[in-house]
Amino acid sequence: QREDPNVNAHVGLIRLQSILLYFVMGICTIVAITYMRPPVTTHIQWLGSTSTLVMPRLDQRTHTMIPDFNDIRSVKEAWLWLETTLPNAIFNQSATLRQDNLALGYILVRMQQVKPASADSCTQKDKLP
């Protein structure tokens with residue numbers, strides 16, 4: 001491996017014009033990013049959907065406390081969330097999610113039934129890892 005004898009030779013080629021050009025390009029990039037995606041708007045949109053779908057609430061129609069989405073632990077709680085929170089957020093015309101969003105098409109909820117776990121359902125039961 002040979003070392004370059006004149007390591008600092010490129011320093012003489014850097015001109016003030018090049019430094020200013022890159023500085024202006026950096027400032028323009030920062031300004032463009034700031035105007036394209038205002039952080040407050042993005043946070044408010046995220047907070048609105050989170051508070052509508054995820055956070056716990058009291059259902060006014062059934063007077064039932066709906067748990068936080070992340071705290072759902074039983075089938076009963078899952079169906080309670082599906083029957084109260086989801087339709088209220090999607091089908092209610094005055095809901096927060098419907099104010100700025102247009103739902104295109106129909107909503108289809110599918111249920112997948114899975115067989116209980118057994119040794120027969122493993123595809124590689126005879127092979128060792």
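Above: the structure in question.
Residues numbered from 1 in each chain as written. Predicted model: local features only at pLDDT ≥ 70, side-chain atom pairs only at ≥ 80, totals over all residues. Heavy atoms only, no water.

Draft legend 1. Seen up close, the packing of aromatic side chains. Going through the model one piece at a time under the given rule, you end up with one aromatic pair. Look at F69 and W81: their rings are 4.9 Å apart centre to centre, the planes differ by 55 degrees, and that puts the pair in the tilted class. Of the two residues, F69 is situated in the loop between β2 (64-66) and α3 (75-91) and W81 in helix α3; the sequence distance between them amounts to 12 residues. For F69, a relative accessible area of 39% translates into the label partly exposed. Residue W81 is classed as buried on the basis of its relative accessible area, which comes to 11%. (Phe/Tyr/Trp six-rings, centres within 6.5 Å; stacked < 30°, edge-to-face > 60°. Helix = DSSP H or I, 4+ residues; strand = E, 2+ residues; numbered from the N terminus. Buried < 20%, exposed > 50% of the residue type's maximum accessible area, 1.4 Å probe, protein only.)

Draft legend 2. Structural detail: the pattern of salt bridges. Considering all chains together, one arrives at one salt bridge under this definition. In this structure, the salt-bridge partner of R57 is D59, at a minimum N-O distance of 3.6 Å. The same class applies to R57 and to D59, which are both buried. (Salt bridge = Lys/Arg side-chain N within 4 Å of Asp/Glu carboxyl O.)

Draft legend 3. Highlighting the environment of M55. By the secondary structure assignment, M55 is in the loop between α2 (39-53) and β1 (57-59). Placed 12 residues apart in sequence, M55 and P67 show a C-alpha to C-alpha distance of 7.4 Å. Setting aside residues up to four positions removed in sequence, M55 forms contacts with T50 and D68. (Contact = heavy atoms within 4.5 Å.)

Draft legend 4. Structural view of the side chain of T85. Relative to the assigned elements, T85 resides in helix α3. With a relative accessible area of 3%, T85 lands in the buried category. Within the structure, the side chain of T85 is placed 3.4 Å from the side chain of R57, a separation counted as a polar contact. For T85, the contacting residues outside a window of four places in its chain are T52, L53, R57, I66 and L80. (Polar contact = N/O pair within 3.5 Å; in protein donor to acceptor, adjacent residues only side chain to side chain.)

Draft legend 5. Region of the structure containing the side chain of D68. Looking at where D68 falls in the secondary structure, it is placed in the loop between β2 and α3. The side chain of D68 sits in the buried core without any salt bridge; R73 is the nearest counter-charge, 8.6 Å away. Excluding its chain neighbours within four sequence positions, the residues that come into contact with D68 are V54, M55 and P56. (Lys, Arg positive; Asp, Glu negative; His and termini not counted.)

Draft legend 6. Local environment of a nonpolar patch on the surface. On the surface, F23, V24, I27, V31 and Y35 cluster together into a nonpolar patch covering about 540 Å² of accessible area. Using a relative accessible area of 69% as the deciding quantity, one classes Y35 as exposed. (Patch = residues over 30% accessible without salt bridge, like charges linked within 9 Å, V, L, I, M, F, W, Y side chains within 5 Å. Areas by Shrake-Rupley, 256 points an atom, 1.4 Å probe, with all protein chains shown as cover.)

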